[in-house]
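# Inside the fold
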Amino acid sequence: YTLLSGKDVYNQDALSVIKLTESVDMPDEFAIVSAYPNPFNSSTLISYGLPEAVKINLNVYDLSGRKVMNLTNGLQQAGNHTIQFNGTNLASGVYLLRLETTDHLTKKKIVLVK
């Protein structure tokens, strides 16, 4: 925001006028929003939303349940995030994205076609 008039500190019964310079749409829920393109040939962009700052694990699993790749883990800020998944070294097939936090779990199916 930009302060147009008044003070940038709280005072009881005071008036400050601000201008919002950028708006950010915060996600409503923990979710893998999309994988684009899907099906993909070697590379896809994965978008996911976090409504609050949280420690996450984003992994890729094959259909037998074996983890084939960790895309990211650790504390991330609230908001919308995008990460690239490169499956060049993997065989063609169906894989599962799994976004996990302490309290939430969401999955999405992706298809690698070579």
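Anything mentioned here points back to the structure above.
Quick caveat: nothing in here was measured; it's all calculated off a predicted structure. Numbering of residues starts from 1 in each chain and follows the order in which that chain's sequence is written. Only residues with pLDDT of at least 70 are given local features in this predicted model, and only at 80 or more are side-chain atom pairs given and counted; all residues enter the totals for whole chains, interfaces and linings. Side-chain measures here rest on the full set of heavy atoms in the structure, leaving out hydrogens and waters.

## Focus: the pattern of salt bridges
Side chains that carry opposite charge are capable of pairing whenever their charged atoms lie near each other. For this analysis, a salt bridge means a side-chain nitrogen from Lys or Arg found within 4 Å of a carboxyl oxygen belonging to Asp or Glu. Inspection of every chain in the model, using the stated rule, returns two salt bridges. Note that D62 is salt-bridged to R66, the shortest N-O span being 2.6 Å. Throughout this description, buried means an accessible area under 20% of the type-specific maximum (1.4 Å probe, protein chains only), exposed means over 50%, and partly exposed covers the range between. Given the relative accessible area of 10%, D62 is considered buried. Classification of R66 by relative accessible area gives exposed; the value is 54%. E100 serves as the salt-bridge partner of R98, at 3.4 Å between the closest nitrogen and oxygen. Take E100: its relative accessible area is 26%, and that puts it in the partly exposed class.

## Quick notes on the pairing of strand 9 (residues 105–112)
We treat two strands as partners when DSSP finds at least two bridges between them. Secondary structure elements are taken from DSSP: a helix is a run of H or I of four residues or more, a strand is a run of E of two residues or more, and numbering for both begins at the N terminus. Where strand 8 (residues 93–100) lies against strand 9, eight bridges are found, and the strand directions are antiparallel. Across the sheet, L99 pairs through a bridge with T106, a residue of strand 9. The loop that links strand 8 with its antiparallel partner strand 9 comprises four residues.

## What to know about the sheet that holds strand 3 (residues 31–36)
Paired through backbone hydrogen bonds, the strands of a sheet run either parallel or antiparallel to each other. Strand order in the open sheet made by the three strands is 3-4-7, with antiparallel pairing throughout. At either end of the open sheet lies a strand with only one pairing partner, and these are strand 3 and strand 7 (79–86). Recorded for the sheet is a direction-independent mean angle of 20° between the axes of neighbouring strands. Axis lines are fitted through C-alpha atoms, for helices just across the contact stretch, and the angle between N-to-C directions can take any value from 0 to 180 degrees.

## What about a nonpolar patch on the surface?
Candidate patch residues must exceed 30% relative accessible area and have no salt bridge, after which like charges are joined if within 9 Å and Val, Leu, Ile, Met, Phe, Trp or Tyr side chains if within 5 Å. Throughout, the Shrake-Rupley method with a 1.4 Å probe supplies accessible areas, and for residues the shown protein chains are the sole cover considered. A contiguous nonpolar patch, built from L4, L15 and V17 and spanning about 310 Å² of accessible area, is present on the exposed surface. Among the secondary structure elements, V17 is positioned in strand 2 (residues 17–19).

## Concerning unusual backbone geometry
Cis geometry marks the peptide bond from Y36 to P37, where omega comes out at -5°. Inspection of the secondary structure assignment puts P37 in the loop between strand 3 and strand 4 (43–50). The omega angle of the peptide bond from N38 to P39 is 5°, so this bond is cis rather than trans. Here S42, not a glycine, exhibits a phi torsion of approximately 80°, which is positive. Examined against the element boundaries, S42 turns out to sit in the loop between strand 3 and strand 4.

## A look at the sheet that holds strand 8
Taken in spatial order, the four strands line up as 6-5-8-9 in an open sheet, and their pairing is antiparallel. Each edge of the sheet is formed by a strand with only one pairing partner; in this case those strands are strand 6 (67–76) and strand 9. With direction set aside, neighbouring strand axes in the sheet form an average angle of 15°.

## Concerning the nonpolar core
Among buried residues, the Ala, Val, Leu, Ile, Met, Phe, Trp, Tyr and Cys ones that are joined through side-chain atoms within 4.5 Å form a nonpolar core. Ranked by internal contacts, the top residues of the largest apolar core, which has 20 residues, are I46, L58, L71, F85 and L97. Where this core is concerned, the elements lending two or more residues are strand 3, strand 4, strand 5 (54–62), strand 7, strand 8 and strand 9. The element best represented in this core is strand 5, accounting for four residues. The contact definition used throughout considers only heavy atoms, calling two residues in contact when any of these lie within 4.5 Å. Not counting residues within four places of it along the chain, the set of residues in contact with I46 comprises I32, S34, A35, L58, L71, H81, T82, I83, F85 and L97.

By themselves, these are just geometric observations and shouldn't be taken as functional.
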